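# Summary of structural features
Each chain is listed here by its residues.
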Amino acid sequence: MTQHLPTVGFIGLGNMGSGMTRNLQAAGYPLVITDLRREAADELVAGGATWAETPAEVARASDLVITMLPTPRHVEAVLHGEDGILAGIPDGGTWIDMSTSVPEPADAVRRDHAARGLRILDAPVSGMSVGAANGTLQIFIGGETDDVARLRPVFEAMGEPERILHVGGAGAGYAVKLMINQLWFSHLVATAEVLAIGTRAGVDLGILRRSLIASPANSNFLENDVLSILEHGDYDEGFAIALACKDLGLSIDLARAVGVPVELSAVVEQVYRRARASYGDRAGEMTPVKLYEDLIGHDLRL
């Protein structure tokens, strides 16, 4: 007997959403999709997906709706109004926000539409555009246990099963993702400083890095992620520094909301904003390393 797969509505076909939808389609899920750029849907439509003109049409034609958008402002924009998700989603329907965002938009929907019985989950991801394309994302889900279990096959079409984590109730997914980003950005700035200082002091870059890896100061960033720069000069333009600055701002907003002073995170945010001002909004998320390369007068390359 052929298993009936739910129709997935997907809003946001950018660097992340394009890969995620291709993997959903490859897993056999019928798709209803929309984006500001019609051309972003061409490949998916050729593969059988249905194009919708508005988020309301997506919600109306789908069994569940996923949003993957750049900022909370974009999430708000697709939710409300006569063309928004809330105008099309049926009572009892499911909305999963996989954006790196904050709880307020979803919390407002729960509060203002409580009688409609909507099932709402936050499920932001890690793994960059490469993980989205390869279906190897890590997914952090905030929501009810029953909903997470029901939707796990959908998540597994986009991420690695063992790295799909139910991290708590509503909003927990957003918080975990922001903290992961904050720590990763902090690792990047700290690593850039250390490599710049050590090489300026005359230590060979390869020897310095191997020494750090062999020490208690090792990190996944130092061991793996920084190699894209050290070996290839790739600062990861697949994720723009403007978005990195957005995420850092959301992280600090969360810290403010829960009453935790974050002096170090604030400094990291300012380093990122300086890199954005120096190299432009579309520079890669690892471009702050270039600030230190410019400072010491040479690129950090193995």
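So, how was this worked out
- Residues numbered from 1 in each chain as written.
- Predicted model: local features only at pLDDT ≥ 70, side-chain atom pairs only at ≥ 80, totals over all residues.
- Heavy atoms only, no water.
- Helix = DSSP H or I, 4+ residues; strand = E, 2+ residues; numbered from the N terminus.
- Rg over C-alpha atoms; globule rule 2.2 N^0.38 Å.
- Buried < 20%, exposed > 50% of the residue type's maximum accessible area, 1.4 Å probe, protein only.
- Contact = heavy atoms within 4.5 Å.
- Polar contact = N/O pair within 3.5 Å; in protein donor to acceptor, adjacent residues only side chain to side chain.
- 1 Å grid on protein atoms, 1.4 Å probe; cavity = no way out; pocket = protein on both sides within 12 Å on 5 of 7 lines; lining within 4 Å.
- Points joined across faces, edges and corners; volume = space filled by probe spheres on them.
- Nonpolar A, V, L, I, M, F, W, Y, C, P; charged D, E, K, R; others polar.
- Pairing = 2+ DSSP bridges.
- Right-handed = clockwise from strand over helix to strand, strands pointing away.
- Core = buried A, V, L, I, M, F, W, Y, C linked by side-chain atoms within 4.5 Å.
- Salt bridge = Lys/Arg side-chain N within 4 Å of Asp/Glu carboxyl O.
- Axes fitted to C-alpha atoms, helices over the stretch in contact; angles between N-to-C directions.
- Parallel < 35°, antiparallel > 145°, perpendicular 65-115°, else oblique.

## Section: the overall build of the protein chain
- The helix and strand tally for the protein chain stands at 15 helices and nine strands.
- Against the 2.2 N^0.38 benchmark of 19 Å for 302 residues, the protein chain shows a C-alpha radius of gyration of 21 Å, consistent with a compact globule.
- Reported as C-alpha extents along the three principal axes, the dimensions of the protein chain are approximately 65 × 45 × 35 Å.
- Considering the protein chain as a whole, with its 302 residues, one finds that 52% of them fall into the buried category.
- Within the protein chain, contacts between residues separated by at least 24 positions form 67% of all contacts whose residues are at least 6 apart in sequence.

## Looking at the environment of H166
- On the secondary structure map, H166 appears in strand β9 (residues 159-168).
- Looking at H166, the relative accessible area reads 31%, which means it is partly exposed.
- Distance from H166 to S211, taken between C-alpha atoms, is 36 Å for residues 45 residues apart in sequence.
- Those residues within four positions of H166 in sequence are excluded, and the remaining contacts are I141, G143, E144, T145 and V148.
- A polar contact of 2.8 Å, which involves the side chain of H166, links it to the backbone oxygen of G143.
- From its side chain, H166 meets the backbone oxygen of G168 in a polar contact 3.1 Å long.

## What to know about the layout of surface pockets
- In this structure, the largest pocket spans a volume of roughly 1,400 Å³.
- Taken together, 49 residues make up the lining of the largest pocket; nearest its centre are N15, M16, M68, F239 and L243.
- When residues of the lining of the largest pocket are assigned to their parent elements, the largest contribution, six residues, is made by helix α9 (residues 172-200).
- A per-class count over the lining of the largest pocket returns 21 nonpolar, 18 polar and 10 charged.

## Let's talk about helix α15 (residues 288-296)
- Buried within α15 we find P288, V289, L291, Y292, E293 and I296.
- On its buried face, α15 sits against α9, α12 (227-232), α13 (241-258) and α14 (263-279).
- Looking one or two residues beyond α15, the residue adopting positive phi is G297, at roughly 85°.

## Concerning the pairing of β9
- Bridge count for strand β8 (residues 137-142) against β9 is five bridges, and the pairing is parallel. Across the sheet, residue I141 finds its bridge partner in β9, namely H166.
- Read from β8 through helix α8 (residues 145-156) to β9, the crossover connection turns out right-handed.

## Notes on the nonpolar core
- By size, the foremost hydrophobic cluster in this structure holds 34 residues, and its most contacted members are L24, I66, M98 and F155.
- For this core, the secondary structure elements donating two or more residues are β1 (8-11), α1 (15-26), β2 (31-34), β4 (64-67), β8 and α8.
- Apart from residues no more than four positions distant in its own chain, L24 is found in contact with V8, F10, Y29, L31, I66, V154, A157 and M158.
- Ranked by size, the runner-up nonpolar core spans 31 residues in total, among them L195, A196, A244 and L291.

## Observations regarding unusual backbone geometry
- Positive phi is not limited to glycine here, since M128 has a value of about 60°.
- Within the fold, M128 resides in helix α7 (residues 128-134).
- When its relative accessible area of 36% is taken as the criterion, M128 is described as partly exposed.

## Brief notes about the pattern of salt bridges
- Under the defined criterion, the tally for this structure stands at 16 salt bridges.
- For R256, the salt bridge is made with D253, and the minimal N-O distance between the two is 2.9 Å. Pair noted here: R256 and D253 are both in helix α13, with a separation of three residues, about one helical turn.
- Accessibility expressed as a relative area gives 40% for D253, which makes it partly exposed.

## Examining the environment of G117
- In this structure, G117 sits in the loop between α6 (104-112) and β6 (119-122).
- By relative accessible area, G117 is classed as partly exposed at 34%.
- Remark: the alpha-carbon pair of G117 and P90, spanning 27 residues in sequence, is separated by 9.3 Å.

## Observations regarding the packing of α14 against α15
- Relative to each other, α14 and α15 sit at 75°, their axes nearing to 8 Å. One finds that α14 runs roughly perpendicular with respect to α15. Contacts between α14 and α15 pair V271, Y272, R274, A275, S278 and Y279 from the former with P288, K290, L291, Y292 and D294 from the latter.

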